[in-house]
Each structure stands twice: as structure tokens, then as C-alpha cells.
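Residue strings, one per chain:
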Amino acid sequence: MAVTVSLYNHTAKNFADGTFNPADTFKLMLLTSGTYDATDALLADVVYTQVASGNGYTTGGQALTNLTLTTVTTNDAKLDADDVIWTASGGSIAASAALLYDDTETGDPVVLYIDFGGTQTASDGADFRIVWNSTNGIITWTVA
Amino acid sequence: MATFSKFNSFSESLAEGKFNLGTDTLKVYLSNTAPSAATHTRYDGTTGTTGPAEISAGNGYLAGGKTAPIASSQQSGGIYKLVLSDPGAWVATADSIGPFQYAILYSDTATNKDLIGWWNYGTPVTLAQAESFSVDFDPGTGVLTIQ
């Protein structure tokens, strides 16, 4: 399984102009299908089908918790948060991708797209986990 | 143009929304004190550590420095680039300005007037009466990129 994480083109700019703010609510939703287009800016621009509500998954996805921004090395900044966990209940949760977006800003600007490289399934009672990179977190910015 | 260096706090402050590099008033002030990338964080305010001491006002130099207008604040292919216009020359009037060796960029809009980076001109410069000094930004490469 090759997992691919892709930022949208406007993501860096949205951090640079303060559109994305750590005080915002960032949500991660699970998709049964979707297409990554780097030029998409808002949730409405993205072509996707969200996992149906139920079995432990709620439409809109789950808000990131304990969002942190830290300085790493000297000129980089790291965005990190707790891993996101859905526990399947009453049936399985299956998804092939995930989409992170800012639920606070108008139009819900999208941040990044995670392609799981195939459908992943958590059976009833099991966890569906998104585990952020232990070194780089969700995003590590390089300012040059 | 002298080499641009960034304050360590800048990246994190940027991601935390302390700047709006599309609309903030960005200014350049002059100093003869070496900046500390690791410790200096602000021009003014109450949070963080004040940056290098500014040269004395007078003779054509106003406290706070000059505004560097934002020429563009855009991304291309996911890489963000900030381009600034030149802030205009300082001209020594009745007497000298300086000495100074560093031109320091900060946001005059941010709550604590947070520092961004600086240019080191190598040796202290003193402007004699009627002499001028300009900070010349490269319109192609811009001041900084983020990716």
C-alpha cells in the first residue's frame, strides 16, 4: 500500500496570508473515492464521495485535536496534531482516501489530500487510524 | 543585494497566523547591532525578545524605518513567493545617518511587530550629509519562498 499525501497549490499561501490559523477547526474526512487536483481551493471544488455516515463515522469527518505549531531546525515550522481515530461500530468503515480542510473559513478551503493507495477497511470493533508522521507531523514548512 | 537571513521564529509565527503577508504593512529599519536569529522575535510589543537596536532617528531617518510595499504575494505550483518593492532611499539631510550594517524586515501590522529577516551589508555604513542609501529588492526571486 503506497500512501500519498499531496498539498493543494494554495495551501502555503493560505498559511502565509493568515487564512489558515491554528485557532481554526481543521477537519479530516474519509472518502470512498476522490480525485486529487492540486488547483482545487475549496471543498466544493474537489470531486469526491464521502464515506456514508454511520458505523462510527459522522459526515464531515473529525476535527483535529491538540493542533500544534513548532519551530523545527531553524527555519522550518511543523504543523502537528493527535492521530485521528474512528472506531467502527455496528459495521465496518472503508475508505480509499482522506481530505483535510479548514471548517472555519468561508468555503472550507482544502489543505491536503491523502490517497491510501487502495481501499482500507476497519471491521466492526476495529479502529480506522490516520497516524501522522512522527518526524514531520502533518506538514513541515520550509521557508527559503 | 546583501544576503537575506530569517529569524528562527518567523516560520512558526507565519503558520500561527501572526502575519498576513498579503496585506500587512512591512517595514525595514536600520541597525548596527548584529541580529540573533535564535532569540530576536519582534520590533516592538510585549511578547518575545526585542530585535537589534535601531539607529537613532534624525537627519532623514525616521524611527520605525521605511515601508516596503508588497508587490506580490502569490503561489505558483504550490510554492508561495513574497515579492516586495523597494522602500525608497534614505537621504542624510542636516548631518550623518548611521553607522548601520543591517536592514531588518518586520511587520508593522503584526501585534508585536514580529521580525521576518535581515540583510547584512558586511561592514558598517555611515551616510554623510546628502548621501543616500537604498534597499534594492530582487523582483524576480522575491524576498522569500514557502513550500
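Presented here is an overview of the structure given in this document. Being a predicted model, the structure only gives us computed values, none of them experimental.

### Focus on the overall build of chain A
- When its secondary structure is counted, chain A shows 1 helix and 11 strands.
- Ordered by position from the N terminus, the helices and strands of chain A form the series β-α-β-β-β-β-β-β-β-β-β-β.
- Radius of gyration (C-alpha) of chain A: 15 Å, near the 15 Å computed for a compact globule of 144 residues.
- Taken along the three principal axes of its C-alpha coordinates, chain A extends 45 × 30 × 30 Å.
- Each of the 144 residues in chain A was classed as buried or not, and the buried ones make up 44%.
- In chain A, the proportion of contacts linking residues at least 24 apart, taken out of those at least 6 apart, comes to 71%.
- Approximately 6,200 Å² of chain A is accessible, and the part contributed by carbon and sulfur atoms is 47%.

### Notes on the packing of aromatic side chains
All names here are of chain B.
- Across all of its chains, the model carries 19 aromatic pairs over all chains by this definition.
- The interplanar angle of 70 degrees and the centroid separation of 5.7 Å between the aromatic rings of Tyr29 and Tyr106 together place this pair among those described as edge-to-face. With Tyr29 in strand 2 (residues 26–31) and Tyr106 in strand 7 (residues 97–107), the pair connects residues that are 77 residues apart, well separated along the chain.
- Overall, the relative accessible area of 1% leaves Tyr29 in the buried class.
- Taken together, Tyr61, Trp90, Phe100, Tyr121 and Phe133 form an aromatic cluster joined through their ring pairs.

### Examining the interface of chain B and chain A
- Between chain B and chain A, the contact holds 25 residues from the first and 23 residues from the second.
- Taken together, the two surfaces of chain B and chain A that pack against each other cover about 1,900 Å², and 55% of this comes from carbon and sulfur.
- Linking chain B with chain A are 0 salt bridges, by the criterion used here.
- Joining chain B to chain A, the criterion identifies 6 residue pairs in polar contact (both at pLDDT 80 or more).
- Of all the secondary-structure elements, those providing two or more residues to the side of chain B that touches chain A are helix 1 (9–15), strand 4 (70–76) and strand 10 (144–146) of chain B.
- Per-element accounting of the side of chain B that touches chain A gives the leading share, 5 residues, to helix 1 of chain B.
- A breakdown of the residues in the side of chain B that touches chain A according to their chemical character gives 10 nonpolar, 12 polar and 3 charged.

### Points about empty space enclosed by the protein
- Summed over all chains, the structure comprises 1 cavity of 30 Å³ or more.
- Each pocket or cavity is described by its volume, and for the largest cavity that value is around 30 Å³.
- Lining of the largest cavity is provided by Ala12, Phe15, Ala16, Trp141 and Val143 of chain A together with Ser11, Leu14, Ala15 and Ile146 of chain B.
- Those elements that provide at least two residues to the lining of the largest cavity are helix 1 (11–16) of chain A together with helix 1 of chain B.
- Looking at the lining of the largest cavity residue by residue, the classes come out as 8 nonpolar, 1 polar and no charged.

### Side note on the sheet that holds strand 11 (residues 139–142) of chain A
Residue and element names in this part refer to chain A.
- One open sheet accounts for 3 strands, arranged 5-6-11; its pairing is antiparallel. Edge positions in the sheet fall to strand 5 (68–72) and strand 11, since each of these pairs with one other strand and no more. Between one strand axis and the next, the sheet turns through 20 degrees on average, direction left out of account.

### Details of the environment of Lys27 of chain A
Residues and elements named next belong to chain A.
- Within the element layout of this structure, Lys27 appears in strand 2 (residues 26–35).
- For the pair formed by Lys27 and Asn55, sequence separation is 28 residues and the distance between their alpha carbons is 18 Å.
- Those residues in contact with Lys27 that lie beyond four places of it in its chain are Gly60, Gly61, Gln62, Ala63, Leu99, Leu100, Tyr101 and Asp103.

### Focus on the environment of Val28 of chain B
Residues and elements named next belong to chain B.
- Counting through the fold element by element, Val28 comes out in strand 2.
- The spacing of Val28 and Phe137 is 109 residues in sequence and 12 Å in space, taken between C-alpha atoms.
- Ignoring anything within four residues of it in the chain, the contact list for Val28 reads Gly64, Gly65, Lys66, Ala68, Trp90, Ala103, Ile104, Leu105, Tyr106, Val135 and Phe137.

### So, the nonpolar core
- Counting residues in each nonpolar core, the largest one holds 82 residues, and the members touching the most others are Leu28 and Leu30 of chain A together with Leu21 of chain B.
- In contact with Leu30 of chain A, other than residues within four places in its own chain, are Gln50, Val51, Tyr57, Trp86, Ile93, Ala95, Ala97, Ala98, Phe116 and Phe128 of chain A.

### Observations concerning the layout of surface pockets
Residue and element names in this part refer to chain A.
- Each pocket or cavity is described by its volume, and for the largest pocket that value is around 270 Å³.
- Lining the largest pocket we find 14 residues, and of these Val3, Ile114, Phe116, Ile130 and Val131 sit closest to its centre.
- Looking at the lining of the largest pocket, the elements with two or more residues in it are strand 9 (110–122) and strand 10 (127–130).
- Its residues assigned to classes, the lining of the largest pocket shows 10 nonpolar, 3 polar and 1 charged.

### Here's the deal with the sheet that holds strand 4 of chain B
All names here are of chain B.
- In space, the 3 strands of this open sheet follow the order 4-5-10, with antiparallel pairing throughout. The open sheet terminates on both sides in strands that have one partner only, identified here as strand 4 and strand 10. Pairwise comparison of adjacent strand axes, ignoring direction, gives a mean angle of 15 degrees for this sheet.
- Both strand 4 and strand 5 (residues 79–84) contribute to a ladder of 6 bridges, which runs antiparallel. Residue Ser76 lies in a different strand from strand 5, and its bridge partner there is Ile79.

Rules and cut-offs
Residues numbered from 1 in each chain as written. Chains lettered and ligands numbered in written order. Predicted model: local features only at pLDDT ≥ 70, side-chain atom pairs only at ≥ 80, totals over all residues. Heavy atoms only, no water. Helix = DSSP H or I, 4+ residues; strand = E, 2+ residues; numbered from the N terminus. Rg over C-alpha atoms; globule rule 2.2 N^0.38 Å. Buried < 20%, exposed > 50% of the residue type's maximum accessible area, 1.4 Å probe, protein only. Contact = heavy atoms within 4.5 Å. Areas by Shrake-Rupley, 256 points an atom, 1.4 Å probe, with all protein chains shown as cover. Phe/Tyr/Trp six-rings, centres within 6.5 Å; stacked < 30°, edge-to-face > 60°. Buried area = accessible area lost by both parts, 1.4 Å probe. Salt bridge = Lys/Arg side-chain N within 4 Å of Asp/Glu carboxyl O. Polar contact = N/O pair within 3.5 Å; in protein donor to acceptor, adjacent residues only side chain to side chain. Nonpolar A, V, L, I, M, F, W, Y, C, P; charged D, E, K, R; others polar. 1 Å grid on protein atoms, 1.4 Å probe; cavity = no way out; pocket = protein on both sides within 12 Å on 5 of 7 lines; lining within 4 Å. Points joined across faces, edges and corners; volume = space filled by probe spheres on them. Pairing = 2+ DSSP bridges. Axes fitted to C-alpha atoms, helices over the stretch in contact; angles between N-to-C directions. Core = buried A, V, L, I, M, F, W, Y, C linked by side-chain atoms within 4.5 Å.

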